[in-house]
Amino acid sequence: MIVVFAAMPEEAAPFVEVLADAREVPTPFAATRAWTGQLEGQDAVVATTDIGLAAAASVAAWALTTWTPRLAISAGTCGGLAAATRVAEVAVADSATYGTADATEFGYERGQVPRQPVRFPVSERALEAARALAAAPERAETGTRWHVGRILSGDTFVTARNVADMREAFPDAVGTDMETCAIAQVAHSLGVEFASVRGISDLCGPEAGADFHVGVDVAAAASRDAVVALLGALD
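Once a new chain begins, its residue numbering starts again from 1 and follows that chain's sequence as written. A pLDDT threshold of at least 70 governs which residues receive local features in this predicted model, and a stricter bar of 80 or more applies before side-chain atom pairs are shown or counted, although totals over entire chains, interfaces and linings include all residues. Think of the side-chain values as coming from all heavy atoms in the structure, minus any hydrogens and water.

Going by the annotation in an unreviewed UniProt entry, the name recorded for the protein chain is adenosylhomocysteine nucleosidase, with Gulosibacter faecalis given as the source organism. Its UniProt record gives the protein chain a comment under Pathway (unreviewed entry), which states: "Amino-acid biosynthesis; L-methionine biosynthesis via salvage pathway; S-methyl-5-thio-alpha-D-ribose 1-phosphate from S-methyl-5'-thioadenosine (hydrolase route): step 1/2." UniProt positions are given in the numbering used here, feature names are shortened, and annotations may be inferred rather than shown by experiment.

Quick look at the structure:
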């Protein structure tokens, strides 16, 4: 089984649309919905978390202990942080970090919560498959570009005002959101393999002349298509 997490119903909708034998199941959270079914021929749960680190961690802990999946996936949308990213493309995590954490005064690295790793790991097999898919010639020619790198999460939006600092502190980061790292931490603590595959809905520091925003539905559909492709490659 796999569990796919998306913050908002609009981000979960593309996954539910392709979930075979979809059935909504009750959750203990007022703002959370969940569905079971089959995704790419595999038993799957799609769950909304609501927005933010605490909400995501709470729902992740519930879902991962209820279903004990082989893979947890943070999906939906994110902001494009790397200068090369464009809207409607895909950001795939090679690790996850709390971008707004700063305990450097106490000897920790930027982005490191005390007594936690700087980078929460992702599934090696999923990452290997994602790198192969990102580099495939047909993707370079006609497909949506995938950017593989670190995903940052925090409770502060990254905008043109602070993007330079974030890029300097985390030069390998490709995207930023408000849930991925919290889900990664819960998965890590429970020994569940983790991946993050998000569609880029906006650019944190748009270049002159670049489109800097696309609808949530478009970015979420890009996330869905990438997750389906990744699951197919893992079979």
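Here the narrative resumes.
**Student:** In this structure, what is going on with the pattern of salt bridges? I would like to understand it.
**Tutor:** What counts as a salt bridge is simple: a side-chain nitrogen of Lys or Arg found within 4 Å of a carboxyl oxygen of Asp or Glu. Inspection of the entire model under this criterion finds 10 salt bridges. The salt bridge involving Glu24 is made with Arg33; its shortest N-O contact spans 2.8 Å. In this structure Glu24 comes out as partly exposed when scored by relative accessible area, which is 40%. Arg33 sits in the partly exposed class, given a relative accessible area of 39%. Salt bridges sharing common partners tie together Arg119, Arg150 and Asp172. Working definition: with a 1.4 Å probe on protein chains only, accessible area under 20% of the residue-type maximum means buried, over 50% means exposed, and in between means partly exposed.

**Student:** What's the story with the packing of helix H2 (residues 53-67) against helix H6 (residues 180-190) in this structure? I'm lost.
**Tutor:** Any two packed helices are characterised by how steeply their axes cross, that is the angle between the axes, and by the distance between the axes. Interaxial distance between H2 and H6 falls to 8 Å at its minimum, and their mutual angle equals 35°. The hand of the H2/H6 crossing is right-handed. Contacts from Leu53, Ala56, Ala57, Ala60, Ala61, Leu64 and Thr65 of H2 reach H6 at Ala182, Ile183, Val186, Ala187 and Leu190. Residues are sorted three ways: Asp, Glu, Lys and Arg are charged, Ala, Val, Leu, Ile, Met, Phe, Trp, Tyr, Cys and Pro are nonpolar, and all the rest, Gly among them, are polar. For the contact of H2 with H6, the residue count by class is 11 nonpolar, 1 polar and no charged. The convention used is that axes are lines fitted to C-alpha atoms, helices contributing only their stretch in contact, and that angles between N-to-C directions extend from 0 to 180 degrees. Think of it this way: any DSSP run of H or I at least four residues long counts as a helix, any run of E at least two long counts as a strand, and we number them from the N terminus. By definition, turning the near helix anticlockwise from the far helix through less than a right angle yields a left-handed crossing, and turning it clockwise yields a right-handed one. We call two residues in contact when some of their heavy atoms are within 4.5 Å.

**Student:** When you look at the layout of surface pockets in this model, what are you seeing that I'm missing?
**Tutor:** The rolling of a water-molecule-sized probe over the atoms marks out the regions of remaining empty space. Both site types are read off a 1 Å grid over the protein atoms alone. A 1.4 Å probe that fits but cannot get out defines a cavity, while an open set with protein on both sides within 12 Å along at least five of seven lines defines a pocket; lining residues have an atom within 4 Å of a point. Grid points are joined across faces, edges and corners, and a volume is the space filled by probe spheres set on the points. As a volume, the largest pocket reaches approximately 380 Å³. Elements with a minimum of two residues in the lining of the largest pocket: strand E6 (77-80), strand E9 (173-177) and strand E10 (193-203). A breakdown of the residues in the lining of the largest pocket according to their chemical character gives 10 nonpolar, 6 polar and 5 charged.

**Student:** I would appreciate a short explanation of the packing of aromatic side chains in the present structure.
**Tutor:** Each aromatic ring pair is specified by the distance between its two centres and by the angle formed by the two planes. Within 6.5 Å between ring centres, the rings of Phe, Tyr and Trp (the latter by its six-membered ring) count as paired, and their orientation is classed by plane angle as stacked under 30 degrees, edge-to-face over 60, tilted in between. What the rule picks out here adds up to 3 aromatic pairs. Geometrically, the ring pair formed by Phe29 and Trp62 is edge-to-face, given 6.0 Å between the ring centres and 80° between the ring planes. Of the two residues, Phe29 sits in the loop between strand E2 (20-25) and strand E3 (34-39) while Trp62 sits in helix H2, which places them 33 residues apart along the sequence. Looking at Trp62, the relative accessible area reads 17%, which means it is buried. When the centroid spacing of 5.3 Å and the interplanar angle of 80° are considered together, the rings of Trp62 and Trp67 count as edge-to-face. Taken together through their ring pairs, the aromatic side chains of Phe29, Trp62 and Trp67 make up a single cluster.

**Student:** Explanation requested: the pairing of E6 in the structure shown.
**Tutor:** For a regular strand, side-chain orientation follows a simple rule: the groups alternate between the two sheet faces. The sheet contact formed by E6 and E10 spans 4 bridges and is parallel. Looking across to E10, one finds that Cys78 is bridged to Ile200. Two elements, E6 and E9, share 2 bridges in a ladder whose sense is antiparallel. Bridging across to E9, Gly79 finds its partner in Thr176. Strands pair, by our definition, only if DSSP identifies at least two bridges between them.

**Student:** Which parts of the structure should I look at to understand the environment of Val228?
**Tutor:** Along the chain, Val228 falls in helix H7 (residues 216-234). In this structure, the C-alpha to C-alpha distance between Val228 and Phe15, residues 213 residues apart in sequence, is 9.1 Å. The residues touching Val228, leaving out its near neighbours within four places in the chain, are Leu39 and Glu40.

**Student:** Could you clarify how one ought to interpret the nonpolar core in this entry?
**Tutor:** A general trend in soluble globular proteins is that nonpolar side chains are found buried together. By convention a nonpolar core is built from buried Ala, Val, Leu, Ile, Met, Phe, Trp, Tyr and Cys residues, the set being connected through side-chain atoms within 4.5 Å. Judged by nonpolar contacts, the single largest core of 37 residues is most densely connected at Phe5, Leu64 and Phe194. Counting only elements with at least two residues in this core, the list comes to strand E1 (2-6), strand E4 (42-48), H2, strand E7 (90-98), H6 and E10. Sequence-distant contacts of Phe194, defined by excluding residues within four places in its chain, comprise Leu71, Ala72, Ser74, Pro121, Val122, Ser123, Thr180, Ile183, Ala184 and Ala187.

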